[in-house]
Structure formats: C-alpha cells, structure tokens
Amino acid sequence: MLPEEGLLNYILDRSQGCRHITLIDPGKQSAEEATRRVISAVGAGSRMIFVGGSTDTPDEVVHNTCKTIQEALELQIFASSQDPSSEEDLWNVPVVLFPGGAHALSPAADGITFMMLMNSQIRKFLIGEQLRGAPYLDKFGVEGLPTGYLVFSPGGKVGEVGQAELIEPGQTDLVNAYALTAKMFGFKILYLEAGSGAATQVDHKCIESARQVDELCLIVGGGIRSGEQAAIAAAAGANWIVTGTLTEDAANLEELSQRISEVVNGAQSSSS
Ligand code: 1GP
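Note that the structure is predicted; figures quoted are calculated from it, not measured.

J.: Help me understand the nonpolar core in this model?
T.: The nonpolar side chains of a soluble globular protein tend to be buried, and buried together. Core analysis: the biggest nonpolar cluster contains 48 residues, and I11, I49, F50, C66, L73, I219 and W240 have the highest contact counts within it. Sort the elements by how many residues they give to this core and helix α3 (residues 59–81) lands first, with six residues. Among residues more than four places away in sequence, those in contact with C66 are V51, V95, L97, S106, A108 and A109. Within the second largest apolar cluster, 39 residues are counted, among which are M118, L190, A234 and A236.

J.: What is the right way to read the site of the ligand from this model?
T.: Neighbouring residues of the ligand: 13 residues in total, closest E193, S196, G197, G223 and T245. Between S196 and the ligand, the recorded distance is 2.7 Å, taken from a side-chain N or O atom to an oxygen atom. At 2.8 Å, a backbone N or O of G223 approaches an oxygen atom of the ligand. Compared with its free state, where it exposes 310 Å², the ligand has 97% of that area covered by protein. Split by residue class, the shell around the ligand holds three nonpolar, nine polar and one charged.

J.: Even after reading the chapter, I still don't get the pattern of salt bridges, so can you show me in this structure?
T.: Side chains that differ in sign of charge can pair as their charged atoms come close. Overall, the coordinates contain eight salt bridges when judged by the stated rule. Notably, a salt bridge pairs R36 with E33, separated by 3.0 Å at the nearest N-O pair. Taken together, the positions of R36 and E33, both in helix α2 (residues 31–43) and three residues apart, correspond to about one turn of that helix. What makes R36 partly exposed here is its relative accessible area of 43%. A salt bridge links R37 to E33, with the shortest nitrogen-to-oxygen separation between them at 3.3 Å. One end of the pair is R37 and the other is E33, both in helix α2 and four residues apart, which spans about a single turn. The buried category is assigned to R37, whose relative accessible area is 13%. Three or more residues joined by partner-sharing salt bridges are found here, namely E33, R36 and R37.

J.: Explanation requested: the packing of aromatic side chains in the structure shown.
T.: Two measures describe an aromatic ring pair: the distance that separates the ring centres and the angle between the ring planes. Evaluation of the coordinates by the stated rule reveals seven aromatic pairs. Residues F98 and Y149 carry aromatic rings whose centres are separated by 5.8 Å and whose planes lie at 85° to one another, so their mutual orientation is edge-to-face. One end of the pair, F98, is in strand β3 (residues 95–98); the other, Y149, is in strand β5 (residues 143–151), with 51 residues separating them in the sequence. Following the ring pairs from residue to residue traces out a cluster consisting of F50, F98, Y149 and Y191. One Lys or Arg, R19, reaches over the ring of Y10 and ends 4.9 Å from the middle of that ring.

J.: Please clarify how the pairing of β3 should be interpreted in this entry.
T.: On a regular strand, each side chain points to the face opposite its neighbour's, so the side chains alternate between the two faces of the sheet. Both faces of β3 are covered, namely the face carrying V95 and L97 and the face carrying V96 and F98. Note that strand β2 (residues 48–52) and β3 share four bridges and pair parallel. Within the sheet, the bridge partner assigned to G52 lies in β3 and is F98. For β3 and strand β4 (residues 111–117), the ladder comprises two bridges, and the chain directions are parallel.

J.: Explanation requested: unusual backbone geometry in the structure shown.
T.: Residues other than glycine predominantly adopt negative phi, and peptide bonds predominantly adopt the trans conformation. For the peptide bond that leads from S153 to P154, omega is 5°, which places it in the cis range. Inspection of the secondary structure puts P154 in the loop between β5 and α5 (156–161).

Analysis parameters
Once a new chain begins, its residue numbering starts again from 1 and follows that chain's sequence as written. Only residues with pLDDT of 70 or above have their local features reported here, since the model is predicted, and side-chain atom pairs are shown and tallied only from 80 upward, although totals for entire chains, interfaces and linings are computed over all residues. In computing side-chain properties, one takes all heavy atoms of the structure into account and sets aside hydrogens as well as water. As used in this record, nonpolar core signifies buried Ala, Val, Leu, Ile, Met, Phe, Trp, Tyr and Cys residues forming a set joined through side-chain atoms within 4.5 Å. Note on exposure labels: buried denotes an accessible area under 20% of the residue type's maximum, exposed denotes more than 50%, and partly exposed covers the range between, all computed with a 1.4 Å probe on protein chains only. Put simply, DSSP marks the helices as runs of H or I at least four residues long and the strands as runs of E at least two long, and each gets a number from the N terminus on. The criterion used for residue contact is that any of the two residues' heavy atoms lie within 4.5 Å. If a single non-hydrogen atom of a residue is within 4 Å of a molecule or strand, that residue counts as near it. The definition of a polar contact used here is a pair of N or O atoms within 3.5 Å, where within protein one atom must be able to donate a hydrogen and the other to accept one, and adjacent residues in sequence count solely through side-chain atom pairs. All accessible-area figures derive from a Shrake-Rupley calculation using a 1.4 Å probe, and residue coverage is judged against the displayed protein chains alone. For this classification, the nonpolar set comprises Ala, Val, Leu, Ile, Met, Phe, Trp, Tyr, Cys and Pro, the charged set comprises Asp, Glu, Lys and Arg, and every other residue, Gly included, is treated as polar. Criterion for a salt bridge: a side-chain nitrogen of Lys or Arg within 4 Å of a carboxyl oxygen of Asp or Glu. Centres within 6.5 Å make a pair out of two Phe, Tyr or Trp rings, where for Trp the six-membered ring is used; the pair is then stacked when the planes are under 30 degrees apart, edge-to-face when over 60, and tilted otherwise. A positively charged side chain is recorded as over a ring if its NZ (Lys) or CZ (Arg) lies within 6 Å of the ring centre. The angle to the ring normal must also be within 35 degrees. Only strands joined by at least two bridges in the DSSP assignment are considered to pair.

Structure (structure tokens):
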C-alpha cells in the first residue's frame, strides 16, 4: 500500500530508526503462501516488502504475487479500521519490486528499486536492463526509486550473474568513493548486498564508510539471520535491513514471526 507521505519520503524517513524489509522471491512459493508469510512478517514488525530475486520468474507470477499481497494488506487495513483498539498503520506497508532485470515487473507494485549495479563489469546491469524497463514502468506508472546497488563478497548468485567486481571486507575507501558517486548521480538509496544466503554479512566498517555520505539511505542485506547481526548493521549506519532466506527457511508461520521479531528488535536496538 502506498504510504500517505509518498513512497520515497516513507523510505527516507529516519525518525523510526533502522527498519526491516521482508524479501519475497515470487519464484519460490505460491502467491497465497507468499501472502501468508507477508502478513506474518508485517505482524512481527517488518515495514516494507520487496518482491524479486530469481532471474527467471515470469512476469505473471511476479504480478500475481504483488496483487495477492496488496489485496491481503488492504483487507487487514479495512479490518483494523473497524476495530478501534488495533493499529491501522501497522498494515500500511509498501510493496516494492526488487528486480533482477527488465522482465520481472508488475503494475500492482507501489514502486521499484530502479537500480544500477554499480560494481558490475557489464553494460547490461549498469544501464541496459534499465533502458529496457523504463518505458514499461513509465506506462504502468510505477515509481522508480533511484538506487545504487553494490555487491560485496561472497556475493552469491547476484555477484555471479551480475559479474560484479566483489568488494572485500576492509575496502572502505572504495565503498566511500562508490557512495559519493551514488550521491553525485542523484541516487537516494544505496543497497549494500552480500548476496542471498551469504555466509557472512556486509563488513560493518564498509557500512560505516558508506554512512559518511549522510544524504544516502542505506539498505543492507545478505546473510542476516539474527538480531545480533541486524544490530551490527544498524549500529554501523544501516537505515533498512533486508532478510529473505530467514523467511524461506522458517518451518512455519509462527517461527517466521519469531525470527522476524528478533531481527526487527536487533535493528531497532542499535539504530544510529
Ligand atoms: C538478497 O539481501 C537480500 O538480495 C537478502 O539476503 O536471503 O541472505 O536474507 P538473505
């Protein structure tokens, strides 16, 4: 659901400390199961939903997942508007596409991380996919969120597919230069990614180095599974923490909700 203050303002707002994003890969479960996971995650304190991930998911699967999630959130908002004791705003979270390319798009999304994979070595991920996707997004009226995307070691599948020159722990000057470049391009968001399922999260010194460019909203993800890990990223300056694998690996919705609460609390406890 589109926040009242506008999507970008909602994302850039720092008044609530470090918040949590649930990443749903539409290729990995049915739209109905994805929606049950989203409702459980939002109930546990997640404040944004990203839909994306796999590179080969057809458009209609992505669209159906976004649509089903949006309908369920709308229903929750309606139900809580009928109940004076419940917090209506809790359910008012945006659904944002996190695309692997120009193929996984949906008009049911509230926006899209319109990304440049800044450390890719190939044109396709620097500008090519964006060039293909922009006319569709313009037609659909889906808001593009100007985002720089940086892939860190180990990088996982996105590092491989995106042919990224992976950033290693301790390369703080390089990260700072990328952050300055992102700002000078006019990007509002910088996403620091270790790769889905990564064994190690983004180096906290690298997050601190990006944080020196105060104007950027920092999203940090890849390999975060615990409250402690979320706290480290938040203390280093992350504005948002993304988790995906944690949701996929949960045995049931109760466990999912418990794990997300733990990460949400970790992120909130250490917000800078
Ligand atoms: C991947 O950063 C996200 O793009 C989330 O990573 O699956 O490791 O949580 P995980």
